Amino acid sequence: FKTNSPPFLHKNNEDVIEEMCRNVIRDMDSYGVCVIDNFLGEERGNAVLNEVLEMYTKGIFKDGQLVSSRGRQGDLKTIRGDQIAWIDGREKTCKNIGLLISQVDAVLMRANKMPNNGKLGQYTIDGRTKAMVACYPGSGSHYVKHVDNPNRDGRCITAIYYLNVHWDVKLSGGLLRIFPEGWRGDKVADIEPHFDRLLFFWSDRRNPHEVQPAYQTRYAITLWYFDAHEREEACRRYEKERAKLMKQTSSITS
Ligand SMILES: Cn1c(O)c(C(=O)NCC(=O)O)c(=O)c2ccccc21
Ligand SMILES: [Mn+2]
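Now for a look at the structure at hand. Residue numbers here run from 1 along each chain, matching the order of that chain's written sequence. Chains carry letters from A onward and ligands carry numbers from 1 onward, assigned in written order. Note on the predicted model: pLDDT of at least 70 is required for a residue's local features to be given, and 80 or more for side-chain atom pairs to be given and counted; whole-chain, interface and lining totals, by contrast, use all residues. The basis for the side-chain values is all heavy atoms of the structure; hydrogens and waters are excluded.

**Things to note about the packing of helix H2 (residues 42-57) against helix H3 (residues 95-113)**
It is the contact of H2 with H3, at a shortest axis distance of 8 Å, that shows an interaxial angle of 125 degrees. Relative to H3, H2 is oriented oblique. Classified by chirality, the crossing of H3 by H2 is left-handed. On H3, the residues that touch Arg44, Ala47, Val48, Glu51, Val52 and Met55 of H2 are Lys95, Asn96, Ile97, Leu99 and Leu100. Classifying every residue of the contact of H2 with H3 gives 7 nonpolar, 1 polar and 3 charged. Here the axes come from fitting lines to C-alpha atoms, over the contacting stretch only for helices, and the angles between their N-to-C directions go from 0 to 180 degrees. Strands are runs of DSSP state E lasting at least 2 residues, helices are runs of H or I lasting at least 4, and numbering of each runs from the N terminus. For classification, angles of less than 35 degrees are called roughly parallel, those exceeding 145 degrees roughly antiparallel, those between 65 and 115 degrees roughly perpendicular, and all remaining angles oblique. The handedness criterion is simple: a crossing whose near helix is rotated anticlockwise from the far helix by less than a right angle is left-handed, and one whose near helix is rotated clockwise is right-handed. We call two residues contacting when some pair of their heavy atoms lies within 4.5 Å. All residues other than Ala, Val, Leu, Ile, Met, Phe, Trp, Tyr, Cys, Pro, Asp, Glu, Lys and Arg, Gly among them, are scored as polar; the first ten of these are nonpolar and the last four charged.

**Observations concerning the pattern of salt bridges**
Here, a salt bridge means any Lys or Arg side-chain nitrogen found within 4 Å of an Asp or Glu carboxyl oxygen. Under the counting rule described, the total for this entry stands at 16 salt bridges. Glutamate 18 is the partner of arginine 110 in a salt bridge, and the nearest nitrogen-oxygen pair spans 2.6 Å. Linking arginine 110 in helix H3 with glutamate 18 in helix H1 (residues 14-30), this pair joins segments that are 92 residues apart in sequence. Glutamate 18 gets classed as partly exposed once you look at its relative accessible area, which sits at 30%. Residue arginine 206 is joined to aspartate 204 by a salt bridge in which the shortest nitrogen-to-oxygen separation is 2.9 Å. Salt bridges sharing partners connect three or more residues here, namely Glu14, Glu18 and Arg110. Whether a residue is buried, partly exposed or exposed follows from its accessible area with a 1.4 Å probe, protein chains only, as a fraction of its type maximum: under 20%, in between, or over 50%, in that order.

**Some words on the site of ligand 1**
Note on terminology: near, applied to a residue and a molecule or strand, indicates that one of the residue's heavy atoms is within 4 Å of it. Around ligand 1, the structure places 14 residues, and the nearest of them are Tyr136, His146, Tyr162, His209 and Arg218. Nitrogen and oxygen atoms within 3.5 Å of one another constitute a polar contact, given that in protein one can donate a hydrogen and the other can accept it, and given that sequence-neighbouring residues count only through two side-chain atoms. Aspartate 148 is positioned with one of its side-chain polar atoms (N or O) 3.1 Å from an oxygen atom of ligand 1. Contacts to ligand 1 include tyrosine 162, whose side-chain N or O atom sits 2.6 Å from an oxygen atom. Surface accessibility follows the Shrake-Rupley procedure with a 1.4 Å probe radius. Residue values consider only the protein chains on display as shielding. For ligand 1, the protein covers 88% of the area, taking 430 Å² as the surface of the free molecule. Contributing elements (two or more residues each) for the shell around ligand 1: strand E7 (131-136), strand E8 (141-146), strand E9 (155-162) and strand E13 (209-214). In terms of residues, the shell around ligand 1 owes the most to one element, E7, which gives 3 residues.

Rendered as structure tokens:
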């Protein structure tokens, strides 16, 4: 499902975006995973990377969770895991991240409205989270196998944009391994976090995934897109829980 998209400069004409949407629809239907390379092109990809590096040097990233893992000699090491920062893309110092977000929005919103869009047509994508900018310091930090949305919180598609120039997984690790449900035998989807690569996958239990230990600094920007119906249900459930909790609380304090 590797799809090469033509360099950014042609991106403005509609039929390139149209063709990209067709690729997303086809791959999400066949694999539940879709890779688009050269999404923004060299120049704008670098502009996004520079804004992320700028954020990093300014210390905007929250300190990563502490994770312990066995060293190569079996010794227990506690290392700092992924560090994240939430960006809505309208910050004046994040114009290019904002452009990336609007490009990803454009592809998904359009694909969601196209005729014959398969499984993608079963959703009504009407919103998303802010952008989660993530940095794995290269000290062997990793992310354990997980499902992004195991309990119907409303998120239907995970979109990840990678920023790592000349990344060699053999030297630097940091591979994203997806274990798509229903794939035969031990088939997995290994995604290298290459610069200017955009990845889509269903956020639910169809796609358990892990980030393998990274030995160089590894940057990525993640957006999660909501299905209107599932999100509305999740919020209603949350409100009911909160009301119940508030009722309990008042009986204790009164
Ligand atoms: C830092 N980071 C993640 O990297 C992934 C994730 O699945 N990443 C895949 C990847 O970077 O290829 C996550 O899913 C995630 C979820 C909550 C908080 C942080 C998180
Ligand atoms: Mn994840």
